[in-house]
Structures are given as structure tokens and as C-alpha cells.
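What follows is the residue order along each chain.
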Amino acid sequence: MDHAAEANRTDLMTITRFVLNEQSRHPESRGDFTILLSNIVLGCKFVCTAVNKAGLAKLIGLAGETNVQGEEQKKLDVLSNDVFVKALISSGRTCILVSEEDEQATFVEPSKRGRYAVVFDPLDGSSNIDCGVSIGTIFGIYMVKDSIEPTLDEVLQPGKNMVAAGYCMYGSSCTFVLSTGAGVNGFTLDPSLGEFILTHPDIKIPKKGKIYSVNEGNAKNWDGPTAKYVERCKFPKDGSSPKSLRYIGSMVADVHRTLLYGGIFLYPADKKSPNGKLRVLYEVFPMSFLMEQAGGQAFTGKQRALDLVPKDIHERSPIFLGSYEDVEEVKALYAAEDKK
């Protein structure tokens, strides 16, 4: 790659331009989705700046204390939640918001309602902030049938009904990964321009990977198929090389690596968490949507993840997602277990 030429490139595909190009392919569209997405992007830029300042703010005594105006300094995840809720409501294109931070769903006041419902985790992995590990925002978008009198059923839909999903990762660079149902594209924030630039067009996950990602500290509580699969990763029976273990403990970072390099990410059910740990609406669904769009698979141990119908907005589920062949292997182990 010619980095000098890249640095001087003037024909940049920004995320705004990319979404407008997509919009022009749908003559019937009114631009609502484009406006909604640009507000999500703005929220991500704001959170990215806040995340970058967080360590410094703590060092000089800002976080968790009262500032000179007597205002309580908010923790970063609460701040991120406020930013996204306000950005989404002010877009005038949403009617229901479900956030990991809020116990109840937020119903937008009638004058600002639109035809989309957004489910999101404003700052996933926030317990990792202090040690500098990548964290991120995850979101999924549904179109509602009735934006005049929306009900909770509008968001308690299977993930396959989402119209878009994505995440923004705040790490060594700020990366925004998005799918609107026609493949997956990755954008990187250019701080000098304040714009997300298309850097990973049409991401495809390798058919099979060399990495597995799981919290092995829970191994004693795993069910048979999970334990067997991880054993196979470490001690393959077919003479192939063992898989490498990589586990960051921040879902966005682990899934991002899986998407680019292939392999499998698993957070199975166990004796301690019989329903799994990750939340269906704003963790499992968006990441499963992206995986399938990139040519991978997502499985719950019982069914395709995107076919799951949630009954509660904060419902949890086990998840196995990643390269097609790796997830296929897990499915075979569960099928064999069911036959017993």
C-alpha cells in the first residue's frame, strides 16, 4: 500500500457520503434513515472524545467529583447514555429507545416521533476504561409498524427483522462498523477531519479461523458441547494446529477481531448463568446481524441467534458467533448432545 499516496488522497468516501449513496439506490426513501444514522455517528464522535479524555480527567480530579460550578461529574457510561438518548430523540426519527443503562424503554414524545426503534449499549466494556482496553457502543435499528402509538412489541422482535446494526470501537483508532443489510463496511475516524472514512469496504469473515475467544475462567461450569469444542480447539484430533486463544473481555473488541481475522467468539450458558450473560437486544442481535452479513454464523446453542424472539428488553442469551465452519462445528456438537 502506498501510504504517501493514501495520505494525499482527496477523493474520500466519508460515512455521510456512503449512506447518501445507499439512499440514492432507494428512490422511495425520504432520508429519515440517513438523518438517524448521522445522529448516531455524532454520538459516537462525542463518546470517542470523552473516552480519550477519561484517564486524564481522572488524574486531575474531575471524574466522580463536583466541579467548580457544583455540577456532579458523570461517570463515562452514564454520560454516553445521555449523549445517545439526546442525539436519538433530537433526530426526530425515533419512537422507542432501549438502552442497557435504562431499566425501562424510553418512549419518545409524540411531537418528536419517527418510524424507527433503536436498541443500544452506549458503552460496552466500560469496566475496562481504567486499563486502556478498547471499549465500544453497539446498536441495532428496527422499523416500527405504528409510530403513532408504538408499543414495546415493536422492539421485542427477532434480530432478523433489524434494518441495520453496527458498533463503534474506541481503541487505538475509532472504528465504526455498519451493516444496513447489504454487507458490512468499516470506517475509521480521521481526527484531523472529524470524519469517518471508509477503510474496510465489504468486510468478509474468513470461512474458518485460527482463533477462539472465550472466558476460560468459567470452564468448570460449562455444558458438554462447549467443553468438547474448546478441548478440540486446544487438542485437535485431525492433526491440524491448535487454535490460539484471544480473549479481551470487551465484546466489541473481541467481535471486531473475530470479524477481521476469523475464528469464533463464544459466551455460552453455564451453571452460574444458565441463560448466558450477554443481552439479546443490544449485544447478541447486532453482533449476530453483522456476522451473518459478513458471511459468518451466530448460534445460541439451540437455534440461529437472529430467530430468537425476546420476551423482555434486557433478556440474556448464550452466543457462539464467528466463521461459518467454526460455528458449524459447535452446532454439530449440540445436535449430537440432543440425540443422546
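Rules behind the numbers
- Residues numbered from 1 in each chain as written.
- Predicted model: local features only at pLDDT ≥ 70, side-chain atom pairs only at ≥ 80, totals over all residues.
- Heavy atoms only, no water.
- UniProt positions renumbered as here; feature names shortened; annotations may be inferred.
- Helix = DSSP H or I, 4+ residues; strand = E, 2+ residues; numbered from the N terminus.
- Buried < 20%, exposed > 50% of the residue type's maximum accessible area, 1.4 Å probe, protein only.
- Pairing = 2+ DSSP bridges.
- Salt bridge = Lys/Arg side-chain N within 4 Å of Asp/Glu carboxyl O.

S.K.: Which parts of the structure should I look at to understand the UniProt feature "domain: Fructose-1-6-bisphosphatase class 1 C-terminal" (unreviewed entry) in the protein?
M.R.: In the UniProt entry, the feature "domain: Fructose-1-6-bisphosphatase class 1 C-terminal" (unreviewed entry) is given for residues 205–334. Across residues 205–334 one finds 36% helix and 15% strand; the C-alpha atoms that close the span lie 23 Å apart.

S.K.: Would you explain the pairing of strand β4 (residues 135–143) in this entry?
M.R.: As a general feature of sheets, a regular strand has side chains that alternate between the two faces. The buried fraction of β4 is high, at eight of nine residues. One ladder, built from seven bridges, connects strand β3 (residues 113–124) with β4; its direction is antiparallel. The residue bridging Val-118 from the neighbouring strand is Ile-141, located in β4.

S.K.: Is there a simple way to explain the pattern of salt bridges in this structure?
M.R.: All told, the structure shown has 17 salt bridges when counted by the stated rule. Note that Arg-115 and Asp-32 form a salt bridge whose closest N and O atoms lie 3.3 Å from each other. Here Arg-115 is found in strand β3, whereas its partner Asp-32 is found in helix α3 (residues 32–59), with 83 residues between them in sequence. You can call Arg-115 partly exposed: its relative accessible area is 25%. The salt bridge involving Lys-234 is made with Glu-216; its shortest N-O contact spans 3.1 Å. Residue Lys-234 is found in helix α5 (residues 224–234), and its partner Glu-216 is found in the loop between β9 (211–213) and α5; the two are separated by 18 residues along the sequence.

S.K.: Looking at this model, I keep getting lost on helix α7 (residues 280–293). Mind explaining?
M.R.: The α-helix winds at 3.6 residues per turn, so residues separated by three or four positions along the chain end up facing the same way. Counting buried positions over the 14 residues of α7 gives twelve, a clear majority of the element. What α7 keeps buried is the set Val-280, Leu-281, Tyr-282, Glu-283, Val-284, Phe-285, Pro-286, Met-287, Ser-288, Phe-289, Leu-290 and Met-291. Backbone geometry just after α7 places Gly-295 at a positive phi near 95°.

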